[in-house]
Amino acid sequence: MTIPAIQAYSLADATAPILNKVGWSVDPQRAVLLIHDMQQYFVNFYDQQQEPISRVIQHIGQIRAAAEAAGIPVVYTAQPGDQPVEHRALLSDFWGPGLKDDSALTQIVPALRPAANDTVLTKWRYSAFQRTELKKQMAQWQRDQLIIVGVYAHIGCMQTAAEAFMLDIQPFIVSDAVADFSLQEHLMSLNYIAGRCGKVITTETLQASISSQENSTYPIPGSRHTLLKQLADLLEIAPDEITADDSLLDFGLDSVRMMSLVGDWQQQGLNVSFIELAAVPCVESWWQLLSAKLEEAAA
Ligand SMILES: O=C(O)C1=CC=C[C@H](O)[C@H]1O
Ligand SMILES: CC(=O)C(=O)O
C-alpha cells in the first residue's frame, strides 16, 4: 500500500464544531508550533489548487507568522529520503520504500520554507517525538504546549498529539490547518484528540489567543530561549553568538536599545525596571530576574 491519491474535500466541513473536553488555552510563553511533515512528497498527493491543502497551507503560513511575532518557537519535521530498510522497518510494510532522496520531494513546500531560526527535526516514525530531539528541546525551552499543524491529521498529527499528552505536554491541533486522506479521517482525528488527549482549535481562535502580544515588537519572554532570540534580534547578531554570562554591552547593547526592549515588556505588564536590568546586563542574570518576576506575577 502507498499513499492514495487524495480527493478534494471542503475544509469548512472539516471544521464543524468539535466538543472539546478541556478548557486549555494556548499561552505564547508555553507553546511550541509544530509544522508536521509539510514536505512536497506528502503534499503532492493532493490537488494543490483545491481544498483542503490549498487553504491549509495558507493557514499554516498565517499561524507561523503569528507564532514568530509572539515569540513562539517554530519546529518542523521532515522525513529523510532513501531511508535504509533497517531504519524504515515496518513502515515499508504499510507505505513501501517512502520518499526518494530528491530535494524536490524532501523539501518543505516553498510557501512554508523554514526560517534560519526555526528548528527542523528529521522524522522517522508517525509521532514527531519518536527518535527525535523534540521532547528534549521543549524541556530546554521550558515549554509544555504543542500546537500541531500539517499532514496527515489521522496519522502523524494524531499520534504526535497522543504522545504529547502522555509526556504531560498539552497538544492543540488546528482543525483548519491540518489535512488528511479524507474528510472522514480528518474528522475522526479531531474527535479523537478532543475526546482523549488534547484540544481542537481553529486558525482564527489561535491567532486571537496569541495576538494580544503580537502588537508588541518584543512580547514578554517566557523562556531563556525567547529572551536570547529577542536580544539577538535587537543586537542583529545570531543567538549562538551571545554567551550567558558575558556583558550584553560587549555585544553592542546600548541604553536606547535597552529602553525599547524594556518598554515593550513594561507595556505588557511586566514589572521590571531599566535600572534592575542595567545593573546586571547579561543573559543569565536577566533570565533569572525575569523568570522570578513572571513567577511572582503568576502567583
Ligand atoms: O511513507 C511513509 O513513511 C508515510 C506515508 C504516509 C503516512 C505516514 O505517516 C508516513 O510514515
Ligand atoms: C505525513 C506523515 O508522515 C505522517 O502523517 O506522519
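All figures in this text were calculated on a predicted structure; none of them were measured in a lab. (Residues numbered from 1 in each chain as written. Chains lettered and ligands numbered in written order. Predicted model: local features only at pLDDT ≥ 70, side-chain atom pairs only at ≥ 80, totals over all residues. Heavy atoms only, no water.)

S.K.: Can you break down the overall build of the chain residue by residue, with the values?
M.R.: Scanning the chain from N- to C-terminus turns up 14 helices and 6 strands. For a compact globule of 299 residues, the expected C-alpha radius of gyration is about 19 Å, and the chain comes in at 20 Å, within 12% of that figure. A total of 299 residues make up the chain; the buried ones form 52% of that total. Put simply, the chain shows about 13500 Å² of open surface, and 53% of that area lies on carbon and sulfur atoms. The chain carries 19 positive and 34 negative side-chain charges, and their two centres are separated by 6 Å. (Helix = DSSP H or I, 4+ residues; strand = E, 2+ residues; numbered from the N terminus. Rg over C-alpha atoms; globule rule 2.2 N^0.38 Å. Buried < 20%, exposed > 50% of the residue type's maximum accessible area, 1.4 Å probe, protein only. Areas by Shrake-Rupley, 256 points an atom, 1.4 Å probe, with all protein chains shown as cover. Lys, Arg positive; Asp, Glu negative; His and termini not counted. Charge placed at Lys NZ, Arg CZ, Asp CG, Glu CD.)

S.K.: So what's going on with the site of ligand 2? Residues and values would help.
M.R.: Near ligand 2 you find His-36, Asp-37, Phe-42, Gln-79, Lys-123, Tyr-126, Val-151, Tyr-152, Ile-155 and Gly-156, and these make up its full shell. Contact with the protein chains hides 95% of the accessible area of ligand 2, taken as 220 Å² for the molecule alone. By residue class, the composition of the shell around ligand 2 is 5 nonpolar, 3 polar and 2 charged. (Near = heavy atom within 4 Å. Nonpolar A, V, L, I, M, F, W, Y, C, P; charged D, E, K, R; others polar.)

S.K.: For the site of ligand 1, give the residues involved together with the corresponding values.
M.R.: Taken together, Ile-3, Phe-42, Gln-79, Arg-88, Leu-91, Trp-95, Gly-98, Tyr-126, Tyr-152 and Ile-155 make up the full set of residues near ligand 1. Between Arg-88 and ligand 1, the recorded distance is 2.6 Å, taken from a side-chain N or O atom to an oxygen atom. Computed on the free molecule, ligand 1 has an accessible area of 290 Å², of which 98% lies beneath the protein chains in the complex. Each residue belonging to the shell around ligand 1 can be placed in one class, and the counts come to 7 nonpolar, 2 polar and 1 charged. (Polar contact = N/O pair within 3.5 Å; in protein donor to acceptor, adjacent residues only side chain to side chain.)

S.K.: Tell me about the environment of Leu-11, and please be specific about residues and values.
M.R.: With respect to the helices and strands, Leu-11 occurs in helix α1 (residues 11-14). Between the alpha carbons of Leu-11 and Arg-55 there is a distance of 7.6 Å; along the sequence they are 44 residues apart. What Leu-11 contacts, discounting residues up to four positions off in sequence, is Glu-51, Pro-52, Arg-55, Val-56, His-59, Ser-175, Asp-176, Val-178 and His-186. (Contact = heavy atoms within 4.5 Å.)

S.K.: Can you break down the side chain of Asp-180 residue by residue, with the values?
M.R.: Mapped onto the secondary structure, Asp-180 falls in the loop between β5 (170-179) and α9 (183-196). Of the side chains with opposite charge, Lys-123 lies nearest to the buried Asp-180, which makes no salt bridge, at 12 Å. Within the local environment of Asp-180, its side chain forms a polar contact with the backbone nitrogen of His-186, the two atoms lying 3.4 Å apart. The contact partners of Asp-180, leaving out residues within four places of it in the chain, are Ile-6, Tyr-9, Tyr-46, Tyr-152, Ala-153, His-154, Glu-185, His-186 and Ser-189. (Salt bridge = Lys/Arg side-chain N within 4 Å of Asp/Glu carboxyl O.)

S.K.: Residues and numbers for the packing of aromatic side chains, please.
M.R.: On inspection of all chains with the given rule, the structure shows 8 aromatic pairs. Consider the rings of Trp-24 and Phe-172, whose centres lie 6.1 Å apart with planes at 65°: the pair is edge-to-face. Of the two residues, Trp-24 sits in the loop between α1 and β1 (31-36) while Phe-172 sits in strand β5, which places them 148 residues apart along the sequence. Judged by its relative accessible area of 0%, Phe-172 is buried. Considering the side-chain rings of Tyr-152 and Phe-181, the 4.7 Å spacing of their centres and the 65° angle between planes classify their relative orientation as edge-to-face. Remark: Phe-181 occurs in the loop between β5 and α9 and Tyr-152 occurs in the loop between β4 (145-151) and α8 (153-166); sequence separation between them is 29 residues. Here the two residues Tyr-152 and Phe-181 agree in accessibility, since each one is buried. By way of ring pairs, the aromatic residues Tyr-41, Phe-42, Phe-45, Tyr-46, Trp-95, Tyr-152 and Phe-181 are connected into one cluster. (Phe/Tyr/Trp six-rings, centres within 6.5 Å; stacked < 30°, edge-to-face > 60°.)

S.K.: Explain the environment of Val-149 residue by residue, including any values.
M.R.: Among the secondary structure elements, Val-149 is positioned in strand β4. For the pair Val-149 and Val-56, spaced 93 residues apart in sequence, the C-alpha to C-alpha distance is 8.6 Å. If we skip the residues at most four places from it in the chain, Val-149 touches Leu-33, Leu-34, Ile-35, His-36, Ile-60, Ile-63, Val-174, Ala-177 and Val-178.

S.K.: Can you break down the pattern of salt bridges residue by residue, with the values?
M.R.: Close approach of charged atoms allows side chains of opposite charge to pair. As enumerated under the stated definition, the model contains 9 salt bridges in all. Among the salt bridges present, the one from Arg-30 reaches Asp-144, with a minimum N-O distance of 2.7 Å. Of this pair, Arg-30 sits in the loop between α1 and β1 while Asp-144 is found in the loop between α7 (134-140) and β4, placing the two residues 114 residues apart along the sequence. Using a relative accessible area of 29% as the deciding quantity, one classes Arg-30 as partly exposed.

S.K.: Provide a residue-level description of the UniProt feature "domain: Carrier" (unreviewed entry) in the chain, including the pertinent values.
M.R.: The UniProt entry lists residues 218-294 under the feature "domain: Carrier" (unreviewed entry), expressed in the numbering used here. Between the end C-alpha atoms of residues 218-294 there is a gap of 15 Å, over a span that is 56% helix and 0% strand. (UniProt positions renumbered as here; feature names shortened; annotations may be inferred.)

S.K.: How would you summarise the environment of Thr-202 if you had to cite specific residues and measurements?
M.R.: As for its position among the elements, Thr-202 is in the loop between β6 (199-201) and α10 (203-211). Considering only alpha carbons, one finds Thr-202 and Val-174, 28 residues apart in sequence, at a separation of 5.0 Å. If sequence neighbours within four positions are ignored, Thr-202 has contacts with Val-174, Ser-175 and Asp-176.

S.K.: Quick rundown of unusual backbone geometry? Include the residues and the values.
M.R.: For the peptide bond that leads from Glu-51 to Pro-52, omega is 5°, which places it in the cis range. Positionally, Pro-52 belongs in the loop between α2 (40-43) and α3 (53-69). Of the consecutive residues Val-151 and Tyr-152, the connecting peptide bond is found in the cis state with omega at -15°. Of note, Ala-89 is a non-glycine position whose phi angle comes to about 50°, a positive value. Positive phi outside glycine occurs at Glu-236, with the angle close to 55°. As for its position among the elements, Glu-236 is in the loop between α11 (224-235) and α12 (255-267). Note on Glu-236: relative accessible area 67%, which makes it exposed.

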